[in-house]
Each structure stands twice: as structure tokens, then as C-alpha cells.
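Breakdown of the fold
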Amino acid sequence: MTSTPAPPSRLIPLLRQIGGTVVTLFVTFLGLLMVTFFISNVIPVDPVLSILGERATEAQMEEARERLGLNEPLWKQFGIYVGNTLQGDLGTSIRTREPVLQEVSQRFPATLELATLATILGVLLGVPAGVIAATKPGSFFDQSTRLIGLMGYSMPVFWLGLMGLLLFYGQLGWVGGPGRLDAGYQMSLDFELTQYTGMILLDTALNNRWDMFANAFSHIILPAGILAYISMAYISRMTRSFMMNELGQEYITTARVKGMPERRVIWVHALKNVMVPLITVIALSYAYLLEGAVLTETIFAWPGLGSYITDALMVADMPAVLGGTVVVGIAYIGLNMLSDLLYRLVDPRARV
Amino acid sequence: MSTLTTWLRDPNPASRMQSRLGQSYLSWLRLRRNPLAMIGLLITAALLFVAIFAPVLAPHDPITQELGRRLLPPGTPGNILGTDDFGRDILSRILYGSRITLYIVLLVILTAPVVGLIIGTVAGYFGGWVDTILMRITDIFLAFPKLILALALVAVLGPGMENAVLAIALTSWPPYARVSRAETLTVRNSDYIAAVKLQGAGPIRIIWGHVIPMCLPSVIIRVTLDMAGVILTAAGLGFLGLGVQPPLPEWGLMISAGRKFLFEQWWVATMPGLAIFIVSLGFNLLGDGLRDVLDPKSASK
């Protein structure tokens with residue numbers, strides 16, 4: 001590293017690739033908007049009718065159509081739609097008459113908090129499990145991680161959530177029930193707490209309200225644990241296969257022949273190289289959790305994006321549904337691309 | 001019996017059929033050594049059996065309400081798994097529900113992989129700008145959050161089983177396109193394709209007759225592995241009230257009905273969830289085993 005400074009020629013292909021990624025990102029983003037646009041405009045539901053209600057006069061309807069640009073040709077409407085979205089205008093919720101972007105940004109931190117905690121737990125459990133399974137393939141530990149993982153893939157997340165509530169909240173009373181806080185604390189959340197981030201664990205800690213922190217933790221741990229189980233299933237499986245691959249490499253044999261302790265060979269040398277593809281896997285599972293939170297949030301009355309979308313679905317508030325879809329889609333696409341970029345940055349072989 | 005096995009294991013098969021059956025027999029032997037895969041196969045077979053014979057097996061009608069017998073706990077004589085809030089027998093509803101699940105799975109299998117196969121093989125075979133455009137579209141769809149897109153689609157199409165199937169199919173074809181394109185790229189420059197081309201076969205005939213069969217094993221493995229995902233998504237849509245509508249005994253819908261009295265009458269939500277879990281686990285175990293058997297890459301390890 002120190003002896004030879006990186007020649008400038010290596011930077012240029014990297015920049016070119018980043019440029020390419022940005023273009024791909026934009027094209028994918030346009031594709032996403034094309035689909036949501038198709039859903040909202042081409043499938044025959046009259047948006048004017050749903051905004052004005054059935055008692056509007058024909059003149060009012062016509063005026064609204066003109067204002068919303070619905071009399072323009074489709075491609076022009078699409079252009080307006082893309083322009084509005086880029087400026088952060090996701091439309092107005094029919095139910096609350098508030099801008100969708102404002103509502104979504106209020107809800108987003110709750111989902112982010114849930115998905116982040118779940119990913120952290122999933123990594124902390126999944127990576128070691130995958131590594132140990134790979135070092136002893138076919139062992140009891142390997143078989144049981146595989147089975148536990150497959151079970152995670154096979155359970156409906158909403159059912160798992162209900163069962164978790166039934167057992168840990170209803171029977172054992174170990175955790176808090178649905179919602180982010182007990183009802184008693186909910187008031188102090190609104191009036192006593194400075195909301196820095198919208199993420200309740202961080203906010204309570206920053207306000208030095210450790211009693212509230214503990215209460216919030218007892219509420220988040222179950223939904224986060226359930227999501228973590230699902231991401232653990234994926235992460236441990238991928239870690240195992242990457243690790244198996246790495247342990248067959250010659251540098252591992254060399255390290256072993258040199259007499260290096262096996263623990264160091266596995267947890268330092270091999271794991272370092274496994275971390276590279278694993279970054280992609282973790283980013284993907286994070287993106288998946290943002291989406292998977294939809295059903296979990298409805299079970300746990302978690303005031304995040306997922307329950308926002310499903311609540312809007314129930315009252316056919318399409319601008320809110322599609323606005324939420326666009327935001328989740330952007331986060332999802334962004335994480336996908338980020339994992340791709342990180343991979344290229346960390347692994348020199350991928351830069352070729 | 002022994003003559004049959006020797007015929008199957010004959011290293012010099014006399015006909016194409018014998019060679020094919022022999023290969024399948026060897027795969028079967030390998031699959032049989034994997035106990036988890038056999039459990040998966042058993043569960044899948046049981047699902048088929050239950051779906052076909054639901055009217056014979058079910059002790060009660062799944063739809064008829066009997067309000068005098070509502071919310072009976074499991075173990076009640078005549079209602080082994082208990083009854084729901086309308087006094088309907090939960091076991092009978094689960095047994096009939098297997099038909100709905102199987103129906104949804106079959107409909108998705110008949111659409112998404114076929115679309116993916118066609119797109120993937122065409123992209124891989126023709127290459128060039130056709131490949132670029134088709135794969136860009138595939139990548140765009142792959143980058144979408146599937147469940148949310150399915151939700152939004154069903155929201156505008158209106159709730160219902162067919163629309164749920166459509167939404168699932170529309171969001172699940174891209175992986176098949178990826179897989180079949182990759183397989184197509186490996187065979188498209190091979191000698192046997194060149195030979196067929198020299199005989200004057202057109203692209204459609206080559207893709208249909210000579211490329212698609214080569215892609216099938218990988219696609220079938222993916223289908224088996226995806227089946228659990230399809231069941232879970234369908235159940236999720238049903239749970240949100242966007243899929244199959246009441247009073248049909250769809251498992252996700254049954255869980256959502258039991259949610260109201262989860263803490264008092266736990267069995268109403270628990271039992272159908274167990275059914276989903278067992279069936280998905282069966283497909284996952286089978287898919288996992290099939291991949292080990294049919295995928296030459298992992299078999300050689």
C-alpha cells in the first residue's frame with residue numbers, strides 16, 4: 001500500500017463505473033416511476049372523481065382535470081409526474097389532504113429504526129453462525145443452522161409476529177405490546193421530548209430519558225427480533241457459502257501450513273475476504289427489510305411507512321399508496337446500487 | 001424389479017427414452033439419500049393429496065356457519081383444531097384452503113417462469129441490442145420492492161384471487177429471465193446449435209426446441225425454491241384483505257380473522273399459520289434438495 005501509490009489510471013475506470021452506476025440508477029428510477037405512473041393513470045380509476053367526490057359538477061371536474069394536467073397527452077403527463085417527483089411533490093393524500101411527502105417523511109424514521117436494528121441483530125447472529133457452519137460442514141451445528149434458516153424462509157412474517165405477541169407479550173409479559181411506547185409514555189413523547197431524529201431509541205437517549213428508552217426498547221425488540229430472524233436466515237446461508245469457498249483457497253492452506261492458529265485463519269484471514277461479498281448481501285437484506293417491514297408494522301401497530309401504505313390501501317387513498325411505494329422503491333434501488341458500489345470499492349478484483 | 005433397475009442403470013442405453021429415464025433414476029437415487037429433501041417431497045405430496053381429497057377428508061363444510069359452536073378450543077370432539085368465530089371447523093377450512101393455495105401456486109407457475117424463460121432465452125440467443133433492452137427491463141423490475149409493488153397493483157386492480165395472482169406473477173418473472181439468459185449464453189455458441197442452424201432451423205425453432213430444454217433444470221429448481229415465497233406473498237395479500245375474499249378458506253385470510261381474538265382464542269390464528277409454515281417448509285426443503293441433485297455445480301463438490 002505505502003510503497004506504490006495507486007496509479008491514476010486506476011481511478012478513471014472506477015469513476016467511469018460510478019458514472020455508469022449513476023446512469024443505471026436514474027434509468028431504474030425512471031422505470032419505477034413509469035410503473036407507478038402506469039398504475040395510477042392508465043388503469044382506469046378516475047383520479048378526479050376520487051379527489052372531488054361524486055357530487056362535483058361537470059365544470060368542476062373539467063377544471064380539476066385541467067389543473068392536474070389530465071387533458072395532456074400521456075407522455076407529457078408522465079413528464080410532469082417525473083418533474084414533480086424530482087422536486088419532492090408526491091401528490092396530496094386524499095384521506096388527510098396533507099402532502100404525501102410530508103406524511104411519509106414523518107413515518108420514515110420509525111421504519112428505518114426498525115430495519116436498522118433488525119439488520120444489526122441479523123448480522124451479529126448470522127455471520128458467526130454462517131462461519132461456524134462453514135468450518136464444520138455436515139456437522140450437527142451446520143444442519144441445525146440450515147434448518148433454522150429454512151424455517152425462517154418458510155414462516156409468514158405476519159404470523160410469526162402474532163405468535164411472538166401471543167407468547168412473549170400475552171403469556172410471558174417479557175416485552176411491550178404493539179406500538180412504540182406504553183400509552184403513559186406516549187404523551188411525554190409528544191410534549192417533553194426534543195425529537196432530533198424521529199427514531200425513538202436515539203431520541204430518548206439524546207434526551208437522557210433512560211426510563212423511556214427502556215420502555216421503547218421493550219416495544220421494538222420483538223418486531224426487530226422477528227425481522228432479524230428472517231435476515232439472519234439469509235445472511236448465515238450466504239456467509240456459509242462464501243466461507244466454504246474461501247476456505248478452499250490456497251492462501252488458507254499456506255496460513256495453516258505456516259502453523260497459524262486455526263481461529264486466526266478463519267476469523268481474521270478468511271473472514272476479511274468474506275466480508276467483501278457479504279457487504280452486498282447485508283445491503284440487500286437491509287433493503288429487503290425496509291420492504292418486509294410492511295406486514296410486520298401492521299401487526300405491531302408500528303407507525304412507519306409500511307403501516308402508512310397499508311392504512312392508505314384500506315381507504316383506497318392511491319396518492320398515498322403510490323407515494324409510499326415510490327419512497328420505498330427509491331430506498332430499495334438506492335441500497336441496491338450502494339451495495340454494488342461498495343463492492344467495487346472494497347474488492348479490487350471487481351474494478352477490472 | 002431387478003430387471004427394471006438394470007435396464008435403468010444400463011451404461012449403454014438403446015433409446016433416448018431409456019437414457020432419459022436412467023438419468024432421472026440416478027437423480028432420484030441421489031435425492032433419496034437426502035432425508036430433508038425426502039421430508040419436503042412427502043409434505044408436497046401430502047399437500048397434493050389433501051387438495052384432491054379435501055371433500056372426503058374434511059369432517060365439516062368449510063363455509064357453513066354454526067353460530068352455536070363458535071370459538072370452541074382445539075380437542076373438542078368433532079372439531080379437532082377448534083372452531084372460528086362463525087363456528088366453522090378450522091381443520092376443514094385448512095383442508096379446503098390447500099386447494100386455494102395450490103391453485104394460486106399453479107397459476108403463478110404457469111405464468112411467471114414462462115414469461116421469464118421467453119425473455120431470457122430471446123435476450124441470450126440474439127444478444128446485441130435485444131439483449132441490452134430486455135435485460136435492462138429485467139434489472140429494473142429486479143430492483144423493485146416486490147411485495148409493495150404487488151400491493152399497489154392489487155390496490156388499483158381491486159382485491160381478488162386472480163388479481164393477486166397477476167400481481168405476484170408480474171413481480172416474480174425477472175429472476176427466471178436472468179437464469180435462463182445465463183443458461184442460454186452457455187449453449188448458444190455450442191456445436192450442436194451450429195449443427196441445427198446449418199440444417200436451416202430458424203431462431204424460434206432453435207430457441208424452442210434446443211435452448212429452452214437446456215434452461216429447464218435451472219428454472220425448475222428456481223420454481224421449487226420460489227414456491228414458498230409465492231405462498232407467503234399470497235398469504236400476505238390475503239391477510240391484508242387484498243387477495244382471496246371471505247368466506248373462502250384462504251389461510252392468510254383465516255389468520256387475519258383470528259387476529260381479533262389472538263389473546264383469548266389463540267388457535268384461530270395459529271392453526272392456519274402452521275399450515276402455511278409446513279407447506280412452505282416442504283417446498284423449501286424439496287427445492288434445496290433438488291438443487292443439490294440437479295445442479296451439476298453443487299453436485300461435484
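Predicted, not measured: the structure shown is a model, and the values here were computed from it.

Procedures and definitions
Residues numbered from 1 in each chain as written. Chains lettered and ligands numbered in written order. Predicted model: local features only at pLDDT ≥ 70, side-chain atom pairs only at ≥ 80, totals over all residues. Helix = DSSP H or I, 4+ residues; strand = E, 2+ residues; numbered from the N terminus. Buried ≥ 20, exposed ≤ 12 C-beta atoms within 10 Å, placed from the backbone. Contact = placed C-beta atoms within 7 Å. Axes fitted to C-alpha atoms, helices over the stretch in contact; angles between N-to-C directions. Left-handed = near helix turned anticlockwise from the far one by under 90°. Nonpolar A, V, L, I, M, F, W, Y, C, P; charged D, E, K, R; others polar. Domains from an automatic or database assignment. Core = buried A, V, L, I, M, F, W, Y, C linked by C-beta atoms within 7 Å. Expected span 1.5 Å × (residues − 1). pLDDT = per-residue confidence, 0-100.

**A few points about the overall build of chain B**
- The number of helices and strands found in chain B is 13 helices and 0 strands.
- In chain B, the succession of helices and strands from N to C terminus is α-α-α-α-α-α-α-α-α-α-α-α-α.
- Judged by the C-alpha coordinates and their principal axes, chain B covers about 75 × 55 × 30 Å.
- Expressed as a percentage of the 301 residues in chain B, the buried residues total 43%.
- Looking at chain B alone, contacts between residues at least 24 apart form 67% of all its contacts between residues at least 6 apart.

**Considering the overall build of chain A**
- The secondary structure content of chain A amounts to 14 helices and 0 strands.
- Listing the helices and strands of chain A from first to last along the sequence gives α-α-α-α-α-α-α-α-α-α-α-α-α-α.
- For the C-alpha atoms alone, the extent of chain A along its principal axes is close to 85 × 60 × 40 Å.
- A total of 352 residues make up chain A; the buried ones form 39% of that total.

**Section: the interface of chain B and chain A**
- At the junction of the two partners, chain B supplies 37 residues and chain A supplies 36 residues.
- Taken together, the elements giving at least two residues each to the side of chain B that touches chain A come down to α5 (128-142), α6 (146-157), α10 (203-239), α11 (251-258) and α12 (267-294) of chain B.
- In terms of residue count, the dominant contributor to the side of chain B that touches chain A is α12(B) (10 residues).

**Quick look at the packing of helix α4 (residues 90-126) of chain B against α12(B)**
Residues and elements named next belong to chain B.
- Orientation of α4 relative to α12, taken along the N-to-C sense of each, is 40°, at an axis distance of 11 Å. Considering the relative orientation of α4 and α12, their crossing is right-handed. Of the residues in α12, those in contact with I90, I94, G97 and T101 of α4 are W267, V268, M271, P272, A275 and V279.
- Each residue belonging to the contact of α4 with α12 can be placed in one class, and the counts come to 8 nonpolar, 2 polar and no charged.

**Let's talk about the domain arrangement of chain A**
Residue and element names in this part refer to chain A.
- As assigned here, chain A comprises domain 1 (11-86) and domain 2 (105-350).
- Contact with domain 1, which involves 13 residues of that partner, is made by 11 residues of domain 2.
- The greatest single-element share of the side of domain 1 that touches domain 2, amounting to 11 residues, is contributed by helix α1 (residues 8-42).
- Considered class by class, the residues forming the side of domain 1 that touches domain 2 number 6 nonpolar, 7 polar and no charged.

**Details of the nonpolar core**
- L114(A), L227(A), L151(B) and I231(B) are the most contacted members of the largest nonpolar core, which totals 164 residues.
- If you count residues domain by domain, this core takes at least three from each of domain 1 (11-86) and domain 2 (105-350) of chain A.
- Every residue in contact with L114(A), bar those within four places of it in the chain, is listed here: I220(A), P223(A), A224(A), L227(A), A293(A), W302(A) and G304(A).

**Here we look at the environment of T270(B)**
- Looking at where T270(B) falls in the secondary structure, it is placed in helix α12.
- For T270(B) and I255(B), which are 15 residues apart along the polypeptide, the C-alpha to C-alpha distance reads 7.1 Å.

**Observations regarding helix α13 (residues 305-314) of chain A**
Residue and element names in this part refer to chain A.
- Most of α13 is tucked away, with 8 of its 10 residues classed as buried.
- When α13 is considered as a whole, its buried residues turn out to be L305, G306, S307, Y308, I309, T310, A312 and L313.
- Positive phi appears at A316, one or two residues downstream of α13, with a value of about 55°.

**Focus: α12(B)**
- Across its 28 residues, α12(B) extends 40 Å between first and last C-alpha, which sits within 8% of the 40 Å expected from 1.5 Å per residue.
- Along α12(B), 24 of the 28 residues are buried, which leaves the element largely enclosed by surrounding structure.

**Describing unusual backbone geometry**
Residues and elements named next belong to chain B.
- In this structure, P247 follows P246 across a cis peptide bond, with omega equal to 5°.
- With phi around 55°, L71 is a residue other than glycine that occupies positive phi space.
- As for its position among the elements, L71 is in the loop between α3 (35-57) and α4.
- With 16 C-beta atoms counted inside 10 Å, the residue L71 sits in the partly exposed group.

**Comments concerning the environment of G225(A)**
- With respect to the helices, strands and loops of the structure, G225(A) is situated in helix α10 (residues 210-247).
- Through-space distance from the C-alpha of G225(A) to that of L90(A) is 32 Å; in sequence the pair is 135 residues apart.

**Focus: the confidence of the model for chain B**
- Averaged over every residue, the pLDDT of chain B is 86; residues scoring 70 or more account for 97%.
- Across the interfaces of the predicted complex, the ipTM metric reaches 0.85, alongside a pTM of 0.85.

**Side note on the packing of helix α11 (residues 250-257) of chain A against helix α12 (residues 262-299) of chain A**
All names here are of chain A.
- Closest axis-to-axis distance for the α11/α12 pair is 11 Å, and the angle between their directions is 145°. As for how α11 packs across α12, the hand of that crossing is right-handed. Judged by residue contacts, I252, A255 and R256 of α11 engage V265, H269 and A270 from α12.
- Grouping the constituent residues of the contact of α11 with α12 by class yields 4 nonpolar, 1 polar and 1 charged.

**Observations regarding the environment of T254(A)**
- The residue T254(A) is located in helix α11 in this model.
- C-alpha separation for the pair T254(A) and V265(A), spaced 11 residues apart in sequence, amounts to 9.9 Å.

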